[in-house]
Amino acid sequence: MKKITAPQLIFLLFFTRGFLSITYEASQFRPDGTTVMLSAAISVAIQFLLVLPVLAAAKKFPHRDIIQLSFERSAVAGKFISLLFLCYFAFETVHVLGNFSYFLKNHFFEAYHEAFLMAALAVTAFYAATLGFSAVARASSVSAVIFITALVVIVFAVTGEFDVYNLHMPIADEKELFGSVLREVGDSLGRSVELAALIFLLPHVENRRTAGLFSYLGIKLLFVEFSTLMITAVLGDYAKGLTLPLYTLSTYARSSVIERFDSVYMLVWTIAVFLKVALLLMLGGQCLKNIFPKLNENISKGLVTAAAAATAISLAALDRWDSLLFRSPSAPASLILGFLIPLAVLLFCRRKTERS
């Protein structure tokens, strides 16, 4: 893979996680705005600690990722860890494809079948994945400009609906606050697929890895807090019952230039989905190639694409939107893949170095 810059790392990570923030920031329990903002701050603070092993490994072994380090010690361990990450990235791809088709079919293209929407996204994302990691990184930089512009336009367009009184309404019950915050923190960690993606991304960043990663975490926190604040100020307690609060916020936008801001939202959301799926397919293909080294790189990406798309299309055809595969991975998965495995490999390699 070609090297990428720290800003490109930030954009890639943001779209990897930002897709879910654009879709929905709260869990299925629909907490109030206060709980979401407090949980986001705690979650990001925890993530500052969780990324330390990956950063330490990238600093000590700048040109190798955790998987490559594990292969150097044991081929069996390397293949097993690769299999874990492969299942995780494939699972997340199915999840994103499901969200993508469900949203578009129910809000924009009712006449289209889910299979068509999923297949279209899978094919285009696979093509992007074959172009290489640096191409997707460059695309994320251009997309970031579009995203920021659209966000600013939407924010200015909803200022007329801003009501300070709404900020006093959605306050959590003190008796339920602790449990709600704990549940939302776990949900936020579970949806942070970028913690696992970091293992593969950091070794390919040219310089300023630490600054880039910590900047991303700060930007993510600001985005979540600001978007939640705007949603709460405009929609008030009504936002608690919404599946897509940010989308609903865009429908409240008013402008003499743009009549339908939900179409602007759809454009930004689709770009985020596309970039995330392309990155997931590249990472999944890399894991599959680790297990079967003789596989062609593009063939491995194609196999992951076909498996994820077939699974998602089958579940949608069976009307199994309640399937676990269409839900976000859990916090334990993010903790194991993004923290415990890097920590274990780092400590093992350090002991090996000291003995030698």
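Since the structure is predicted, the reported quantities are computational estimates derived from the model, not experimental observations.

### Side note on the environment of alanine 233
Next, step 1: Mapping alanine 233 onto the fold places it in helix α10 (residues 209-235).
Next, step 2: Expressed as a C-alpha distance, the spacing of alanine 233 and glycine 33, which sit 200 residues apart in the sequence, is 9.4 Å.

### Quick word on helix α13 (residues 297-317)
Next, step 1: The terminal C-alpha atoms of α13, which comprises 21 residues, lie 30 Å apart, in line with the 30 Å expected from a rise of 1.5 Å per residue.
Next, step 2: Taken together, the buried positions of α13 are Ser300, Lys301, Val304, Thr305, Ala308, Ala309, Ala312, Leu315 and Ala316. The arc that holds every buried residue of α13, seen down its axis, measures 155°, which confines them to one face.
Next, step 3: Between a side-chain oxygen at the N-terminus of α13 and the backbone nitrogen of asparagine 298 the separation is 2.8 Å; the capping residue is asparagine 296.

### Points about unusual backbone geometry
Next, step 1: Phi is positive for arginine 208, which is not a glycine, with a value near 55°.
Next, step 2: Of note, arginine 208 is situated in the loop between α9 (194-201) and α10.
Next, step 3: Using a relative accessible area of 63% as the deciding quantity, one classes arginine 208 as exposed.

### Section: the nonpolar core
Soluble globular proteins: nonpolar side chains tend toward being buried together.
Next, step 1: Among the nonpolar cores identified, the biggest contains 103 residues, and Phe85, Phe89, Phe200, Leu202 and Leu213 are the most heavily contacted of them.
Next, step 2: Considering each element in turn, this core owes the most residues, 19 residues, to helix α12 (residues 261-291).

### Points about the packing of helix α5 (residues 75-107) against α13
Next, step 1: Remark: α5 packs on α13, axes separated minimally by 9 Å, with the N-to-C direction vectors making an angle of 45°. As judged from the angle between their axes, α5 and α13 are oblique. You can see that α5 and α13 cross each other, and the crossing is right-handed. On the side of α5, the interface is formed by Leu86, Ala90, Thr93, Val94 and Leu97, while α13 contributes Val304, Ala308, Ala309, Thr311, Ala312 and Leu315.

### So, a nonpolar patch on the surface
Next, step 1: Where nonpolar side chains cluster on the molecular surface, the patch consists of Val142, Ile146 and Leu267 and spans about 260 Å² of accessible area.
Next, step 2: By the element assignment, isoleucine 146 lies in helix α7 (residues 133-157).
Next, step 3: The partly exposed category is assigned to isoleucine 146, whose relative accessible area is 36%.

### Side note on the environment of glutamate 194
Next, step 1: You can see glutamate 194 is positioned in helix α9.
Next, step 2: If we ignore the near neighbours within four places in the chain, the residues touching glutamate 194 are Leu13, Thr16, Arg17, Gln47, Tyr216 and Lys220.

### With respect to the side chain of serine 134
Next, step 1: Along the chain, the position of serine 134 falls in helix α7.
Next, step 2: Residues in contact with serine 134, not counting those within four places in the same chain, are Lys2 and Ile4.

### Looking at the pattern of salt bridges
Next, step 1: A complete count under the given rule lists five salt bridges for this structure.
Next, step 2: Linking glutamate 72 and arginine 64 is a salt bridge whose minimum nitrogen-to-oxygen distance equals 2.5 Å.
Next, step 3: A salt bridge links lysine 276 to glutamate 92; its shortest N-O distance comes to 2.9 Å. Of the two residues, lysine 276 sits in helix α12 while glutamate 92 sits in helix α5, which places them 184 residues apart along the sequence. Across the pair, exposure class does not vary: lysine 276 and glutamate 92 are buried alike.

### Observations concerning α9
Next, step 1: Most of α9 sits inside the fold, with eight of its eight residues counted as buried.
Next, step 2: Within α9, burial applies to Glu194, Leu195, Ala196, Ala197, Leu198, Ile199, Phe200 and Leu201.

### With respect to the confidence of the model for the protein
Next, step 1: Considering every residue of the protein, the mean pLDDT works out to 82; 85% of them sit at 70 or more.
Next, step 2: The spread of mean pLDDT over the elements of the protein runs between helix α11 (residues 245-251), the lowest at 75, and α13, the highest at 93.

### As for empty space enclosed by the protein
Next, step 1: All chains considered together, the criterion is met by four cavities of 30 Å³ or more.
Next, step 2: In this model, the largest cavity occupies a volume close to 160 Å³.
Next, step 3: Listed by contribution, the elements that provide at least two residues to the lining of the largest cavity are α7, α10, α11 and α12.
Next, step 4: A per-element tally of the lining of the largest cavity places α7 first, with five residues.
Next, step 5: Residue composition of the lining of the largest cavity, by class: 15 nonpolar, one polar and no charged.

Procedures and definitions
- One numbering rule holds for all chains: residues counted from 1, following each sequence as written.
- Reporting of local features is limited, given that this is a predicted model, to residues whose pLDDT is at least 70; pairs of side-chain atoms are given and counted only at 80 or more, and all residues count toward the totals for whole chains, interfaces and linings.
- As a rule here, side-chain values come from all non-hydrogen atoms in the structure, and water together with hydrogens is ignored.
- Numbering of helices and strands starts at the N terminus; helices are DSSP runs of H or I of at least 4 residues and strands are runs of E of at least 2.
- Expected helix span is taken as 1.5 Å per residue step, with the number of steps being one fewer than the number of residues.
- Relative accessible area decides the class of each residue, using a 1.4 Å probe on protein chains only: under 20% of the type maximum gives buried, over 50% gives exposed, and in between gives partly exposed.
- By arc we mean the arc of the directions from the helix axis to the C-beta atoms, nothing more.
- Two N or O atoms form a polar contact when they lie within 3.5 Å of each other; inside protein one atom must be a possible hydrogen donor and the other a possible acceptor, and for residues adjacent in sequence the pair counts only when both atoms belong to side chains.
- Here, the term nonpolar core denotes a set of buried Ala, Val, Leu, Ile, Met, Phe, Trp, Tyr and Cys residues that are joined through side-chain atoms within 4.5 Å.
- Axis definition: a line fitted to C-alpha atoms, limited for helices to the stretch in contact. Angles are taken between N-to-C directions and run from 0 to 180 degrees.
- Note that the term roughly parallel is reserved for angles under 35 degrees, roughly antiparallel for angles over 145, roughly perpendicular for angles of 65 to 115, and oblique for everything else.
- Crossing handedness: left-handed means the near helix sits turned counterclockwise from the far one by under a right angle, and right-handed means the same turn made clockwise.
- Contacts were defined at the residue level, with two residues in contact if any of their heavy atoms lie within 4.5 Å.
- What goes into a patch is any residue over 30% in relative accessible area without a salt bridge, connected to like charges within 9 Å or, for nonpolar side chains (Val, Leu, Ile, Met, Phe, Trp, Tyr), within 5 Å.
- Residue-level accessible areas treat just the shown protein chains as cover; the underlying method is Shrake-Rupley with a 1.4 Å probe.
- One side-chain nitrogen of Lys or Arg within 4 Å of one carboxyl oxygen of Asp or Glu is enough to make a salt bridge.
- Predictor confidence is given residue by residue as pLDDT, running from a minimum of 0 to a maximum of 100.
- Only protein atoms enter the 1 Å grid used here. Points where a 1.4 Å probe fits but cannot escape make up a cavity, open sets with protein on both sides within 12 Å along at least five of seven lines make up a pocket, and a residue lines them when an atom lies within 4 Å of a point.
- Grid points are joined across faces, edges and corners, and a volume is the space filled by probe spheres set on the points.
- Residue polarity is assigned by list, with Asp, Glu, Lys and Arg as charged and Ala, Val, Leu, Ile, Met, Phe, Trp, Tyr, Cys and Pro as nonpolar; anything else, Gly included, falls into the polar class.

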